Protein chains: 2
Amino acid sequence: MVSQQIDRQIAARLAASGIRYTSGRRRVVGVLAAADGPRSAAELHDDLGRKVPLSSLYRSLSVLTDAGVLAPHHGSGRIVRYELAEWLMGHHHHLVCADCGAVDDVELPEPWESALAVLVSEATAPQGFIAASHTLEIGGLCPGCLNPEQGTRSKGAGIG
Amino acid sequence: MVSQQIDRQIAARLAASGIRYTSGRRRVVGVLAAADGPRSAAELHDDLGRKVPLSSLYRSLSVLTDAGVLAPHHGSGRIVRYELAEWLMGHHHHLVCADCGAVDDVELPEPWESALAVLVSEATAPQGFIAASHTLEIGGLCPGCLNPEQGTRSKGAGIG
DNA sequence: TTCCTTGCAAACGATTTGCATTGGA
DNA sequence: TCCAATGCAAATCGTTTGCAAGGAA
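Residues numbered from 1 in each chain as written. Chains lettered and ligands numbered in written order. Predicted model: local features only at pLDDT ≥ 70, side-chain atom pairs only at ≥ 80, totals over all residues. Heavy atoms only, no water.

1. Things to note about the sheet that holds strand E1 (residues 39–40) of chain B
Residue and element names in this part refer to chain B.
No. 1: A sheet is described by the order of its strands in space; here three strands give the open sequence E1-E3-E2, paired in antiparallel fashion. The sheet is open, and its two borders are formed by E1 and strand E2 (70–73), each paired with just one other strand.
No. 2: As judged from the two bridges shared by E1 and strand E3 (residues 81–84), these two strands associate in the antiparallel manner. Within E3, the position partnered with Arg 39 by the bridge is Tyr 82. (Pairing = 2+ DSSP bridges. Helix = DSSP H or I, 4+ residues; strand = E, 2+ residues; numbered from the N terminus.)

2. Some remarks on the confidence of the model for chain A
Reading fine detail from the predicted coordinates is not recommended where pLDDT is low.
No. 1: A residue-level look at chain A finds 91% of positions with pLDDT of 70 or above and a mean pLDDT of 88.
No. 2: Ignoring residues within four places in sequence, the model shows residues 151–160 of chain A, a span with pLDDT below 50, making 23 contacts including any to other chains. (pLDDT = per-residue confidence, 0-100. Contact = heavy atoms within 4.5 Å.)

3. Overview of the side chain of B:His73
No. 1: Structurally, B:His73 is set in strand E2.
No. 2: At a separation of 3.4 Å, a polar atom in the side chain of B:His73 contacts the side chain of B:His94. (Polar contact = N/O pair within 3.5 Å; in protein donor to acceptor, adjacent residues only side chain to side chain.)

4. Some details on the sheet that holds strand E2 (residues 70–73) of chain A
All names here are of chain A.
No. 1: Overall, antiparallel pairing links the three strands, which are arranged E1-E3-E2 in an open sheet. Only two strands of the sheet have a single partner each, and these edge strands are strand E1 (39–40) and E2.
No. 2: Most of the contacts of helix H2 (residues 23–34) go to strand E3 (residues 81–84), to which it runs at about 85°, and overall it touches E1, E2 and E3. (Axes fitted to C-alpha atoms, helices over the stretch in contact; angles between N-to-C directions.)

5. Side note on the pairing of strand E6 (residues 130–141) of chain A
No. 1: As paired strands, strand E4 (residues 93–97) of chain A and E6(A) are joined by four bridges and run parallel to one another. Residue pairing for E6(A): A:His94 is matched across the bridge by A:Glu137.
No. 2: Judged from the eleven bridges that link them, E6(A) and strand E6 (residues 130–141) of chain B form a sheet pairing that is antiparallel. For A:His134, the partnering residue across the bridge sits in E6(B) and is B:Ile138.

6. Structural notes on the pattern of salt bridges
No. 1: With the rule as written, the count across this model stands at ten salt bridges over all chains.
No. 2: With a closest N to O distance of 3.1 Å, B:Asp47 and B:Arg39 form a salt bridge.
No. 3: If you follow the salt bridges from partner to partner, you end up with A:Arg39, A:Glu43, A:Asp47 and A:Arg81 in one network. (Salt bridge = Lys/Arg side-chain N within 4 Å of Asp/Glu carboxyl O.)

7. Examining the protein's contact with DNA strand D
No. 1: Looking at DNA strand D, there are 17 residues lining it, with A:Arg25, A:Ser56, A:Arg59, B:Tyr58 and B:Arg59 nearest.
No. 2: Protein-adjacent atoms of DNA strand D, using a 4 Å cutoff, are sugar or phosphate at a proportion of 61%.
No. 3: The separation between a phosphate oxygen of DNA strand D and a polar main-chain atom of A:Arg20 is 3.2 Å.
No. 4: Within the side chain of B:Arg20, one N or O atom sits 3.4 Å away from a base nitrogen of DNA strand D.
No. 5: Among the secondary structure elements, those contributing two or more residues to the surface near DNA strand D are helix H4 (54–66) of chain A together with helix H4 (54–66) of chain B.
No. 6: Considering only residue class, the surface near DNA strand D consists of six nonpolar, four polar and seven charged. (Near = heavy atom within 4 Å. Nonpolar A, V, L, I, M, F, W, Y, C, P; charged D, E, K, R; others polar.)

The structure is reproduced here in structure tokens:
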């Protein structure tokens, strides 16, 4: 269930680049908008009922990433997970479960986030590096893996 | 050139697990200790003069990672880069060049690092996630890609 | 001698690509 | 109509693994 606003923003962005916002691409965006963290091609494939061939899925992901609609996340393992870009989702960080590999999003309280941005610029400047973005990758154990017995995880994530 | 201390620590750790610290493994550690950031199998292969077969390299990386001597970094692209674990290198963060893909290490000034650790624990707790580690992945442009003409980069990194 | 390691080659699995077909502006 | 998008199948490429030979304790 993509919010009308996000859908409009994406449609506009794609239109500006002459890229079609097809039903297949809308479905991918829909799943990602509903997800609570980045999703891999395989996870999306499942979420979409395995009807869309993987190659098409990969192509959609590639096009949407190039258009700046999706942001790839190279988390744990050798798979790439995608999520809506920050200009759509808002700035956030990642919780990576060391056990199941699932990735969730977190936001930091605002005063800290601003301070962090400044800190990042200042700390990297001495090395001659110009910082443009940052994400905190937080490792640990997700609730689902901490309490395995308390019902199945509703997230559908964690392919591991 | 591995510092004697680090070499001793690794030797002790491996010995404790009944794992041999062979010359091949020492060479891998040597290159990583001299590097200024995580290195991929292909990069190490080059650094070692392409004499060690890739499969052996991968096996060394696997053994050393399982032993807790190396830490894998799933940065950009589909490749995995390795570096000495934090108990050997000290806690640090990563500068990832958006252009060439090279990864360098950075440390944050201490008062901030402590505050960040607390912040991370507090911010993740509400989601029921237990944080165990964190790394700031900072994206941007490295000096080499900012000033392409000023001599070749001495890092040897950046395979892209 | 007895395992652990190393090499080589084949196997794997995630992702990409060539090419013909389908579909939307 | 016409070019972008899609499907299928084959190709890539980083990484893993089976198996026999080499080495260190």
